[in-house]
Amino acid sequence: MTNLVQFPGLGLEFDINRVAFTIGGLDVYWYGVLIATGFLLALVFAFHYAVDFGIDADRLVDVVLVGSVCAVICARAYYVIFSPVPYESFADMIDIRQGGLAIYGGVIGAAVFGGLACKWRKLSIPATFDLVAMGFLIGQSIGRWGNFVNQEAFGTNTSLPWGMYSQATANYLSSWQATLAQEGVIVDPGMPVHPTFLYESIWCAVGFFALWAYMKKRCFNGEIALMYAAWYGAGRFWIEGLRTDSLLLPGVNLRVSQLVALISVVVAVVAIVVIRRKIGKRELMVDLPLSTTAEKKFQNARENWADKLDALGQSVSLEEMQRQLPASASHKEFAQAQKEQQLFDWDSLIRQKLEQAEMDAGMQESVRQENARFAQLPVDPEERAATNSSLTQGLDEK
């Protein structure tokens, strides 16, 4: 379960055990630990910045649960479908402890089923995708180190100083040397290889910090998600060309991930250009999310005053406490505004509405009585009209 990984050009070597620890006789692999760590850090980021994207964190929990489970299932299914190695049993197909998760399958699964969950929980799909895209970059940057521990997802031979060698890479290249030669890829099992896991990890980390810096400057909901697709797609297209374990379309020597990456880049770039031209220089405004806590307070207050509201023909709506902030506002401003929403005193607002309605009703009754009294007096028509106008003006001012 150990791999001696060497970087001859740097004079470094690491003896890595693939098993992180054992619980009750069950081995827990570093691959799973690293993926879980990336996932948890992505969650921390997403829930911290949810309000900046107008997303209620309570509703986001359900979207994350649905999207995450379906992403793992689709990532594995994608890998199994395009894998050149046949699986002997269903148990082998679902065993991910040895690796075998295709990120594009995960992204597709998260987008489809996470999008459906957004509709269910009434969250903006483009804004949620923006937030999730940045979480993906965190998870991918950390999760790729699971490939290092497993000594998989490496590239062709290289003479660069950071070239990597291990017995696992040598064994893989020896067994696939003839097949790779048919694809035009010549390899020497005894030579160092590109640590493509490292390239992708760095690429995703740089992409995350770049999008994080741009986050407050975004022009429309969905722009961050499109930038993610373009950035990751460009890097994956290049990195996939170096790898020796690419998934191929059946019957043709065409790398699936390169094709998907190229399509992603083109579609994302075109979409960004078209949408930016359409919206011009208009500043993006973010609706503060109405939390479930605030909604419950609103519902309770409305039920407590329902009889009086109906009697006076008054109504209250959640829209009365809806606020907007520019996307460029700081996280502190978003958090403070959301706190104010959660502490909003609905009872006080309803009392004010009822008091005003009662005053208006009283004034209207006074005007009606005065009009009735004057109607019974033999007053000159012009004088009566002037008196009625004076009463009506006084009511409007109050």
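1. Observations concerning the pattern of salt bridges
Here is step 1: The final tally for this structure, using the stated rule, is 10 salt bridges.
Here is step 2: Notably, a salt bridge pairs Asp62 with Arg121, separated by 2.8 Å at the nearest N-O pair. Of the two residues, Asp62 is situated in helix H2 (residues 57-82) and Arg121 in helix H4 (residues 103-121); the sequence distance between them amounts to 59 residues.
Here is step 3: The class of Asp62 is partly exposed, set by a relative accessible area of 22%.
Here is step 4: Among the charged side chains, a network of salt bridges with common partners joins Arg144, Glu200, Arg236, Glu240, Arg243 and Asp245.

2. A few points about a nonpolar patch on the surface
Here is step 1: Residues Leu10, Leu12, Phe14, Leu160 and Trp162 make up a contiguous nonpolar surface patch of about 440 Å² in total accessible area.
Here is step 2: Summarising the element assignment, Leu160 is placed in the loop between helix H6 (145-150) and helix H7 (167-182).

3. Section: helix H5 (residues 125-143)
Quick reminder: α-helices carry 3.6 residues per turn. Residues three or four places apart thus point the same way.
Here is step 1: Between its first and last C-alpha, H5 extends 25 Å over 19 residues, near the 27 Å set by a 1.5 Å rise per residue.
Here is step 2: Ala127, Thr128, Asp130, Leu131, Ala133, Met134, Gly135, Leu137, Ile138, Gln140, Ser141 and Gly143 are the residues of H5 that are buried.
Here is step 3: Tucked inside the fold, the buried residues of H5 contact helix H1 (30-49), H2, H4, H6, helix H8 (196-214) and helix H9 (223-240).
Here is step 4: A distance of 3.3 Å separates the backbone nitrogen of Ala127 from a side-chain oxygen at the start of H5, and that oxygen is part of Ser124.

4. Some thoughts on the pairing of strand E3 (residues 19-23)
Here is step 1: Note: E3 against strand E4 (residues 26-29), 4 bridges, orientation antiparallel. In the strand pairing of E4, Val19 is matched with Tyr29.

About the thresholds
- Residues numbered from 1 in each chain as written.
- Predicted model: local features only at pLDDT ≥ 70, side-chain atom pairs only at ≥ 80, totals over all residues.
- Heavy atoms only, no water.
- Salt bridge = Lys/Arg side-chain N within 4 Å of Asp/Glu carboxyl O.
- Helix = DSSP H or I, 4+ residues; strand = E, 2+ residues; numbered from the N terminus.
- Buried < 20%, exposed > 50% of the residue type's maximum accessible area, 1.4 Å probe, protein only.
- Patch = residues over 30% accessible without salt bridge, like charges linked within 9 Å, V, L, I, M, F, W, Y side chains within 5 Å.
- Areas by Shrake-Rupley, 256 points an atom, 1.4 Å probe, with all protein chains shown as cover.
- Expected span 1.5 Å × (residues − 1).
- Contact = heavy atoms within 4.5 Å.
- Polar contact = N/O pair within 3.5 Å; in protein donor to acceptor, adjacent residues only side chain to side chain.
- Pairing = 2+ DSSP bridges.

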